[in-house]
Amino acid sequence: MNNPLRVLIWNEYRHEKRNETVRAIYPQGIHGAIAEGFAGATDVIVKTATLDEPEQGLSEQAVASTDVLVWWGHTAHREVQDAVVDRVQKRVLEGMGLVVLHSGHFSRIFKRLMGTNCSLMWRDENEKQRIWTIEPGHPIAAGLPEHFELDHEEMYGERFDVPPPDEVVFLGWFQGGEVFRTGCCWQRGHGRVFYFQPGHETYPTYHNANVLKVIANAVRWAAPRVMLPDALRNVPALEPLSQTR
Ligand code: ZN
């Protein structure tokens, strides 16, 4: 049996402390609700970390012992330190998986890895979202229906200013008329990155079984295939070069 996948669910964890509505929906924090989605799984070891912990929950040791990092942030993106962003980026380029959720589209690490503004249209009016599974054969779509609905979500609309994804697995439609590339895959270095749009803090999105299934699938899809430190190498020729010189 393979070693269990080491998953770290990182959450900014500020709204839950300050806002009673959010705390009522997520008494254990958004990270706690996402971790619940892995309850009973034997192929993963799930840990959680939050911004206000020492070294922002992402020490050298914590990052080095993570195979897949899940990221939720919103109000404190700017507080995430350069050293943390550098450390996570380096680890992704070496092979770690990264699953970025909802408002994490504006996190420093996601913007760093995308190299674009990562902006979008938004409106928080508590509207219905329909999510379409447009690549049913993709591992992240395993077990998901052709479409499913969230009765309460924040609208995120196109254009989403990201580089063209390698794959778009889910498309979102909103009651107000907009559409969005809801589930997108990229490779950066040796690492896999997945962005999944739903998850506004004032709605119970991370208690939805389909949403948790997408995150669980994405974590397993993003598992490292290799873990290779970067190296700029000057190397000898494999064949003799003397005749051609
Ligand atoms: Zn939001």
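Data block above holds the structure.
Residues numbered from 1 in each chain as written. Predicted model: local features only at pLDDT ≥ 70, side-chain atom pairs only at ≥ 80, totals over all residues. Heavy atoms only, no water.

**Brief notes about the overall build of the chain**
What counts here: Helix numbering and strand numbering both begin at the N terminus, where a helix is a DSSP run of H or I of at least 4 residues and a strand a DSSP run of E of at least 2. Radius of gyration here uses only the C-alpha atoms, and the compact-globule reference equals 2.2 Å multiplied by the residue count raised to the power 0.38. Residue exposure (1.4 Å probe, protein chains only): buried if accessible area is under 20% of the type maximum, exposed if over 50%, otherwise partly exposed. Note that His is not counted, nor are the chain ends; the positive residues are Lys and Arg, and the negative ones are Asp and Glu. In plain terms, the charge of a residue is placed at NZ if it is Lys, CZ if Arg, CG if Asp and CD if Glu.
Secondary structure assignment for the chain yields seven helices and nine strands. For the chain, whose C-alpha radius of gyration is 19 Å, the value lies close to the compact-globule estimate of 18 Å for 245 residues. In terms of its C-alpha atoms, the chain occupies a principal-axis envelope of roughly 75 × 40 × 40 Å. For the chain, buried positions account for 51% of its 245 residues. Charged side chains in the chain number 25 positive and 31 negative. The centres of these two groups are separated by 5 Å.

**Some details on the coordination of the zinc ion**
Formally: Listed donor atoms are N, O and S within 2.8 Å of the metal (Na, K and Ca: 3.2 Å). As water is not included, a site may look incomplete.
Of the protein atoms, only H102 (NE2), E154 (OE) and H200 (ND1) coordinate the zinc ion, at distances of 2.0 to 2.1 Å. One chain supplies every donor to the zinc ion, and in sequence these donors are spaced H-x51-E-x45-H. In this pair, H102 sits in the loop between strand 4 (97-101) and helix 6 (108-114) while E154 sits in strand 6 (residues 147-157), placing the two residues 52 residues apart along the sequence. You'll find H102 and E154 in the same group, each marked buried.

**Considerations on the environment of T66**
Applied cut-off: The contact rule is simple, with two residues in contact once any of their heavy atoms fall within 4.5 Å. Residues adjacent in sequence count toward polar contacts only when both atoms are side-chain atoms; beyond that, a polar contact is any pair of N or O atoms within 3.5 Å, and within protein one must be able to donate a hydrogen and the other to accept it.
Within the secondary structure layout, T66 lies in the loop between helix 4 (60-64) and strand 3 (68-72). According to the relative accessible area criterion, T66 is buried, its value standing at 4%. Here the alpha-carbon distance between T66 and V46, two residues 20 residues apart in the chain, equals 9.6 Å. Here T66 is in contact with R6, L8, R91 and M96, once residues within four sequence places are set aside. Within the structure, T66 has its side chain in polar contact with the backbone oxygen of A62 (distance 2.7 Å).

**Some details on the sheet that holds strand 9 (residues 191-196)**
To keep it simple, the criterion reads: In this scheme, strands are said to pair when DSSP sees at least two bridges between them. Convention adopted: a line fitted to C-alpha atoms gives each axis, helices being fitted over their contacting stretch, and angles between N-to-C directions are expressed from 0 to 180 degrees.
Read from one edge of the open sheet, nine strands run 2-1-3-4-9-8-7-5-6, paired in mixed fashion. Whereas interior strands pair on both sides, the edge strands pair on one side only; in this sheet they are strand 2 (44-50) and strand 6. Each adjacent strand pair in this sheet contributes to an overall mean axis angle of 25 degrees, direction not counted. Across four bridges, strand 3 lies against strand 4 in parallel orientation. Looking at the pairing, V70 lines up with V99 of strand 4. Where helix 3 (residues 29-36) meets the sheet, it contacts strand 1 (5-11), strand 2, strand 3 and strand 4, and its direction lies at approximately 150 degrees from that of strand 1. Lying on the sheet, helix 7 (residues 209-221) is in contact with strand 1, strand 2, strand 3, strand 4, strand 6, strand 7 (167-174), strand 8 (179-188) and strand 9; it crosses strand 9 at an angle near 170 degrees.

**Some remarks on the pairing of strand 7**
For a regular strand, side chains alternate in direction, first toward one face of the sheet and then toward the other. Direction of pairing for strand 5 (residues 121-133) relative to strand 7: antiparallel, over a ladder of five bridges. Along strand 7, the bridge assignment pairs W132 with L171. If you look at the hairpin formed by strand 7 and strand 8, you'll find four residues sitting between the two strands, and G177 has a positive phi there, around 115 degrees.

**Overview of the environment of A218**
With respect to the helices and strands, the residue A218 is situated in helix 7. A218 gets classed as buried once you look at its relative accessible area, which sits at 0%. Sequence separation between A218 and F194 is 24 residues; the distance between their C-alpha atoms is 6.8 Å. Sequence-distant contacts of A218, defined by excluding residues within four places in its chain, comprise V99, I140 and F194.

**Notes on helix 5 (residues 82-94)**
Our working rule: Expected span of a helix: the number of residues minus one, times 1.5 Å.
Over its 13 residues, helix 5 extends 18 Å from the first C-alpha to the last, a length consistent with the 18 Å expected when each residue adds 1.5 Å. Turning to helix 5, its buried residues number three or more, namely V84, V85, R87, V88, Q89, R91, V92 and E94.

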